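Chain and residue survey
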Amino acid sequence: MSSRKKILTIIGTRPEAIKLCPLVLEFQRRAEFESLVCSTGQHREMLAQVFSTFDISADHDLDLMAPNQTLAMVTARATTGLDQVFATEQPDLCIVQGDTTTAFTGALVGHYHKTPIGHVEAGLRTGNKFSPFPEEMNRRLVGRMADLHFAPTEHAQQSLLNEGVDPQTVFVTGNTVIDALLWTRDRVIKNPPNDTAEIQKLIDDREMVLITGHRRESFGTGFENMCQAIRTVADQHPDVEFVYPVHLNPNVQQPVNAILGNHPRIHLIAPLSYEPFVWLMNRATVVLTDSGGIQEEAPSLGKPVLVMRENTERPEGVEAGNAKLVGTSQEKIISELTTLLQDPALRDIMANVANPYGDGNACQKIADIISGKIK
Ligand code: UD1
Ligand code: UDP
């Protein structure tokens with residue numbers, strides 16, 4: 001019988017993979033752990049891109065993605081699929097990350113199997129159960145089930161303590177996305193990945209706004225407003241290029257292609273692998289996004305961020321001055337983006353803040369904590 005501790009890391013979507021692959025690599029480096037990866041396949045192409053970047057392959061792949069899947073469909077398929085994996089592997093610990101359906105079902109099935117649960121990126125809260133939807137509730141529910149809470153910041157730690165979580169089980173580690181970013185940043189700045197050449201031709205040496213957006217609570221009017229605002233600002237700034245790698249969700253693809261297609265300076269491209277995307281963030285003048293991970297990465301690249309959401313579970317960047325909440329109203333997005341494009345001094349102020357989300361050593365800290373905690 002092996003005395004190595006078996007850790008099952010459960011991953012389903014692009015951001016979970018970016019934030020957990022460096023941790024899986026850290027587990028693999030330590031002889032005391034047997035590291036297994038289960039992909040739910042909640043995302044397909046966008047997940048494969050990240051596994052390939054970090055050279056990680058899943059030991060189990062539930063391959064559950066269906067086009068335009070509903071929340072209940074993913075929940076049901078992940079729950080039954082994971083049940084089999086836990087029954088077969090009987091891990092000593094399972095690791096879930098963040099607030100996705102994969103994280104929620106991973107924790108739920110871990111609980112059903114009485115497997116200890118480690119939650120990476122624990123304690124983020126907006127206090128509004130419908131925003132982000134369904135992520136705020138997923139994260140709270142995972143928090144109720146988890147045994148080890150890896151909070152990225154002291155603010156997140158405090159949120160858990162306020163909810164009565166045992167302080168002995170909460171650890172401030174920094175966010176693992178900074179580990180992933182720093183691992184990637186220096187390499188891509190020195191050697192731009194091949195697939196950036198096309199984009200470089202499009203933008204040349206001009207100023208560039210990088211855009212991403214995919215949040216469920218913005219589908220419909222919110223998305224139409226965001227797109228109309230981007231088109232208006234693009235029309236008013238003939239000297240600025242706009243690059244938008246469009247999320248594969250059909251609820252995103254449809255309005256983005258309908259409203260932003262066929263504009264000479266708005267470049268709609270496919271989702272990028274992590275390395276070219278980091279290159280693109282580093283090249284941007286301003287980032288306009290509703291993404292959680294990008295809010296965390298931007299300060300390390302010195303990029304001002306406008307967050308197209310009404311609230312954020314990541315207030316640290318806003319408090320530090322790197323990010324500004326602009327919601328999804330056309331007027332506000334137009335005015336804030338215009339101000340930033342026309343005011344380099346303001347951009348500099350927003351760019352020059354220390355990253356409040358970590359120092360790039362989160363994976364090492366998490367593995368050290370686990371090392372002392374699993375019996
Ligand atoms: C999910 C997460 C969200 C996370 C986001 C990251 C939930 C409830 N939502 O949202 O928290 O911020 O991922 O991107 O867990 N699709 C593809 N190929 C892909 C990925 C997605 O075609 O590689 C399309 C499919 O039609 C799929 C749809 O996008 O049905 C939605 O995917 P889903 O994971 O359900 O939701 P996201 O909006 O991506
Ligand atoms: N990202 C990427 N390629 C892209 C767009 C984003 O690799 O075309 C990365 C980005 O750097 C960040 C993560 O994906 O680390 C964010 O994922 P997403 O916005 O899908 O999810 P969220 O962070 O909002 O949960």
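Check the entry above for the structure.
This text gives an overview of the structure that appears in the document. Here the structure is a predicted model, which is why all the values come from computation and not from measurement. (Residues numbered from 1 in each chain as written. Chains lettered and ligands numbered in written order. Predicted model: local features only at pLDDT ≥ 70, side-chain atom pairs only at ≥ 80, totals over all residues. Heavy atoms only, no water.)

Spatially, β10-β9-β8-β11-β12-β13 is the arrangement adopted by the 6 strands of the open sheet, whose pairing is parallel. Only two strands of the sheet have a single neighbouring strand rather than two, namely β10 (266-269) and β13 (323-325). Averaged over all pairs of adjacent strands, the angle between strand axes in this sheet comes to 20°, irrespective of strand direction. Looking at chain direction, strand β8 (residues 207-212) and strand β11 (residues 286-289) are connected through 4 bridges and run parallel. Bridge pairing links Leu210 to Val287 in β11. (Pairing = 2+ DSSP bridges. Helix = DSSP H or I, 4+ residues; strand = E, 2+ residues; numbered from the N terminus. Axes fitted to C-alpha atoms, helices over the stretch in contact; angles between N-to-C directions.)

This brings us to the nonpolar core. General note: in soluble globular proteins, nonpolar side chains tend to be found buried as a group. Residues Ile95 and Ile370 are the most contacted members of the largest nonpolar core, which totals 51 residues. Sorting elements by how many residues they give to this core places helix α1 (residues 14-29) first, with 8 residues. When near neighbours in sequence (up to four residues on either side) are disregarded, Ile370 contacts Ile7, Phe27, Phe33, Leu93, Ile95, Leu148 and Phe150. Ala229, Val240, Tyr244 and Leu341 belong to the second largest nonpolar core, which has 29 residues in total. (Core = buried A, V, L, I, M, F, W, Y, C linked by side-chain atoms within 4.5 Å. Buried < 20%, exposed > 50% of the residue type's maximum accessible area, 1.4 Å probe, protein only. Contact = heavy atoms within 4.5 Å.)

Below, the discussion takes up the layout of surface pockets. Here the second largest pocket is characterised by a volume of approximately 170 Å³. If you list the elements that add at least two residues to the lining of the second largest pocket, you get α1, α7 (176-190) and α16 (362-373). (1 Å grid on protein atoms, 1.4 Å probe; cavity = no way out; pocket = protein on both sides within 12 Å on 5 of 7 lines; lining within 4 Å. Points joined across faces, edges and corners; volume = space filled by probe spheres on them.)

The full set close to ligand 1 counts 25 residues, and Gln42, His43, Glu45, Ala66 and Glu135 are the nearest of them. The contact in question runs from an oxygen atom of ligand 1 to an N or O atom on the backbone of Arg44, over 3.1 Å. A distance of 3.0 Å is found between an oxygen atom of ligand 1 and a side-chain nitrogen or oxygen belonging to His247. Isolated, ligand 1 exposes 750 Å² of accessible area, and the fraction of that covered by the protein chains is 94%. Here the residues of the shell around ligand 1 are counted per class, giving 9 nonpolar, 10 polar and 6 charged. (Near = heavy atom within 4 Å. Polar contact = N/O pair within 3.5 Å; in protein donor to acceptor, adjacent residues only side chain to side chain. Areas by Shrake-Rupley, 256 points an atom, 1.4 Å probe, with all protein chains shown as cover. Nonpolar A, V, L, I, M, F, W, Y, C, P; charged D, E, K, R; others polar.)

Below, the discussion takes up the pairing of strand β5 (residues 117-120). Where burial is concerned, the two faces of β5 agree: the one with Ile117 and His119 and the one with Gly118 and Val120 are both buried. Pairing between strand β4 (residues 93-97) and β5: 4 bridges, direction parallel. Bridged to Cys94 within β5 is Ile117. Both β5 and strand β6 (residues 148-151) contribute to a ladder of 3 bridges, which runs parallel. Within β6, the residue paired with His119 across the bridge is His149. With helix α5 (residues 135-145) bridging β5 and the parallel β6, this β-α-β connection has right-handed handedness. (Right-handed = clockwise from strand over helix to strand, strands pointing away.)

The subject of this paragraph is the packing of α1 against α7. Relative orientation of the contacting elements α1 and α7 amounts to 80°, with a least axis distance of 8 Å. By the angle between their directions, the pair α1 and α7 is classed as roughly perpendicular. Of the residues in α7, those touching α1 at Ile18, Lys19 and Pro22 are Thr176, Val177, Asp179 and Ala180. (Parallel < 35°, antiparallel > 145°, perpendicular 65-115°, else oblique.)

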